Amino acid sequence: MASAPLSSRTVLVTGATSGIGFETARQLSEQGATVLLHGRTPESARAAADRLVVTAGADPDRVCAYAADFARLDEVESLAHRIVTAHPRLDVLVNNAGMAAPERHTITTDGNEIAFQVNFLAHYLLTCLLEPALTSDPGGRVVNVSSSLHRTASIQWSDPQRARRYSRLAAYAQSQLALTVFAADPRVAAVSVHPGVCETSLLPLYGHEGTAPAEGAAHVVRLCDPSVEIVNGAYYDRSERVDPAPAATEDRTVRRLNRLADPLVGRS
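So, here's what we can say about the structure. (Residues numbered from 1 in each chain as written. Predicted model: local features only at pLDDT ≥ 70, side-chain atom pairs only at ≥ 80, totals over all residues. Heavy atoms only, no water.)

## Some remarks on the overall build of the protein
Consideration 1: If you tally the helices and strands in the protein, you get 8 helices and 8 strands.
Consideration 2: What you see for the protein is a C-alpha radius of gyration of 17 Å, in line with the 18 Å of a compact globule of 268 residues.
Consideration 3: Viewed in the frame of its principal axes, the protein has a C-alpha envelope of about 55 × 40 × 35 Å.
Consideration 4: Counting the 268 residues in the protein, one finds 55% classified as buried.
Consideration 5: Within the protein, contacts between residues at least 6 apart in sequence are counted, and of these 75% link residues at least 24 apart.
Consideration 6: For the protein, the computed accessible surface area is about 11,500 Å², with 50% contributed by carbon and sulfur atoms. (Helix = DSSP H or I, 4+ residues; strand = E, 2+ residues; numbered from the N terminus. Rg over C-alpha atoms; globule rule 2.2 N^0.38 Å. Buried < 20%, exposed > 50% of the residue type's maximum accessible area, 1.4 Å probe, protein only. Contact = heavy atoms within 4.5 Å. Areas by Shrake-Rupley, 256 points an atom, 1.4 Å probe, with all protein chains shown as cover.)

So, in structure tokens, the structure goes:
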């Protein structure tokens with residue numbers, strides 16, 4: 001077997017029980033990484049980890065299952081603490097968990113519009129809390145799995161929960177723009193990537209045929225490789241580095257997003 005390019009790396013993949021997340025975990029595992037696989041429930045996370053071992057031949061000692069429901073910020077907090085304790089050095093965080101915004105305006109127990117929380121705020125909180133473990137060595141990074149739909153979005157600064165006017169597409173796009181803007185946060189080295197339109201549960205938002213999730217995952221995995229140099233805040237459409245929406249490159253917008261997000265996730 002050729003030397004595994006990621007054999008010394010520990011990578012956390014959120015939303016790794018299906019679709020692009022599972023395929024990302026599988027490909028990282030094949031390249032020798034220790035994969036921390038996150039699912040919404042302990043059962044789904046465990047089942048996905050078992051599937052990696054059985055169907056992809058992953059080393060059971062190098063696959064760890066973690067659970068947290070991103071619609072509950074206290075679970076995100078406890079996930080971060082468990083990971084920092086068990087893995088004080090984390091090389092890569094892949095912020096992949098995502099949901100389509102529901103047809104009807106839905107608010108979580110934390111008081112946030114559900115897609116904004118699951119797709120962005122939970123990842124914002126998780127990244128902030130994992131900062132002590134995320135290595136600052138060259139190659140340490142955060143990869144945000146975003147969407148080309150971020151270009152259609154605007155962040156409703158005065159009504160981020162979209163209580164006044166709700167549209168599921170606008171709510172989803174806002175969450176993706178926020179995630180893309182967050183990649184430019186100077187606190188950690190981060191990039192965002194649109195993995196292409198894939199055959200996943202999010203496909204109906206794009207409304208046409210998609211490619212296999214494994215194909216989308218390959219673009220994510222490439223950005224986890226320390227030999228691929230990244231520029232903080234860069235945005236990739238599959239393997240091509242392209243300009244994101246103008247808002248995603250403005251320092252002012254990054255600061256404004258932090259000021260918006262901190263109180264929403266309970267950070268002062």
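## Considerations on the side chain of H87
Consideration 1: Among the structural elements, H87 can be located in the loop between α3 (73-86) and β4 (92-95).
Consideration 2: A polar side-chain atom of H87 sits 3.2 Å from a polar atom in the side chain of Y66.
Consideration 3: Leaving out residues up to four positions away in the same chain, H87 has contacts with T10, L36, C64, Y66 and A133. (Polar contact = N/O pair within 3.5 Å; in protein donor to acceptor, adjacent residues only side chain to side chain.)

## Some thoughts on the packing of helix α4 (residues 114-130) against helix α8 (residues 251-264)
Consideration 1: Packing of α4 against α8 brings their axes to within 10 Å, and their N-to-C directions diverge by 95°. Considered as vectors, α4 and α8 are oriented roughly perpendicular to each other. Along the contact surface, α4 presents F116, F120, L121 and Y124, while α8 presents L257, N258, L260, A261, D262 and L264.
Consideration 2: Taken together, the residues that form the contact of α4 with α8 break down as 8 nonpolar, 1 polar and 1 charged. (Axes fitted to C-alpha atoms, helices over the stretch in contact; angles between N-to-C directions. Parallel < 35°, antiparallel > 145°, perpendicular 65-115°, else oblique. Nonpolar A, V, L, I, M, F, W, Y, C, P; charged D, E, K, R; others polar.)

## A closer look at the sheet that holds strand β8 (residues 240-242)
Consideration 1: The strand order β3-β2-β1-β4-β5-β6-β7-β8 describes an open sheet built from 8 strands, whose pairing is mixed. Of all strands in the sheet, those with a lone pairing partner are β3 (63-67) and β8, marking the two edges. On average, adjacent strands in this sheet sit at an angle of 25° to one another, irrespective of strand direction.
Consideration 2: When strand β1 (residues 10-13) meets strand β2 (residues 34-39), the two strands line up parallel, connected through 4 bridges. Across the sheet, L12 pairs through a bridge with L36, a residue of β2.
Consideration 3: Contacting β4, β5 (141-145), β6 (190-194) and β7 (235-237), helix α7 (residues 213-224) crosses the sheet at an angle of about 165° to β5. (Pairing = 2+ DSSP bridges.)

## Re α8
Consideration 1: Taking 1.5 Å of rise per residue, the 14 residues of α8 would be expected to cover 20 Å, and the 20 Å separating its terminal C-alpha atoms lies within 8% of that figure.
Consideration 2: Within α8, burial applies to T253, V254, L257, N258, L260, A261 and D262.
Consideration 3: Contact partners of the buried residues in α8: α4 and α5 (168-182). (Expected span 1.5 Å × (residues − 1).)

## Section: the environment of R168
Consideration 1: If you trace the backbone, R168 turns up in helix α5.
Consideration 2: Spatially, the C-alpha atom of R168 lies 39 Å from that of P138, the residues being 30 residues apart in sequence.
Consideration 3: Within the structure, R168 has its side chain in polar contact with the backbone oxygen of A101 (distance 2.8 Å).
Consideration 4: A polar side-chain atom of R168 sits 3.3 Å from a polar atom in the side chain of E103.

## What to know about the nonpolar core
Looking at soluble globular proteins, one finds that nonpolar side chains tend to be buried together.
Consideration 1: By size, the foremost hydrophobic cluster in this structure holds 47 residues, and its most contacted members are L12, F70, F120, L126, L130 and L257.
Consideration 2: In terms of residues, this core owes the most to one element, α4, which gives 12 residues.
Consideration 3: Those residues in contact with L257 that lie beyond four places of it in its chain are F120, I155, W157, A178, V181 and F182.
Consideration 4: With 31 residues, the next largest nonpolar core counts L6, A58, V145 and Y236 among its residues. (Core = buried A, V, L, I, M, F, W, Y, C linked by side-chain atoms within 4.5 Å.)

## What about the pattern of salt bridges?
Consideration 1: Tallying each qualifying case throughout the model produces 14 salt bridges.
Consideration 2: Measuring nitrogen to oxygen at the nearest pair gives 2.8 Å for the salt bridge that ties R26 to E30. In this pair, R26 and E30 both sit in helix α1 (residues 19-30), 4 residues apart, roughly one turn of the helix.
Consideration 3: With a relative accessible area of 44%, E30 lands in the partly exposed category.
Consideration 4: Residues D237 and R238 are paired through a salt bridge, measuring 3.0 Å at the closest nitrogen-oxygen approach.
Consideration 5: When salt bridges with common partners are traced through the structure, they connect R9, R89, D91 and D137 into a single cluster. (Salt bridge = Lys/Arg side-chain N within 4 Å of Asp/Glu carboxyl O.)

## Brief notes about unusual backbone geometry
Consideration 1: Its identity is not glycine, yet R162 carries a phi of approximately 55°, on the positive side.
Consideration 2: Located in the positive-phi region is R238, a residue other than glycine, with phi close to 55°.
Consideration 3: A relative accessible area of 40% means that R238 is categorised as partly exposed.

That is the geometry; function is a separate question.
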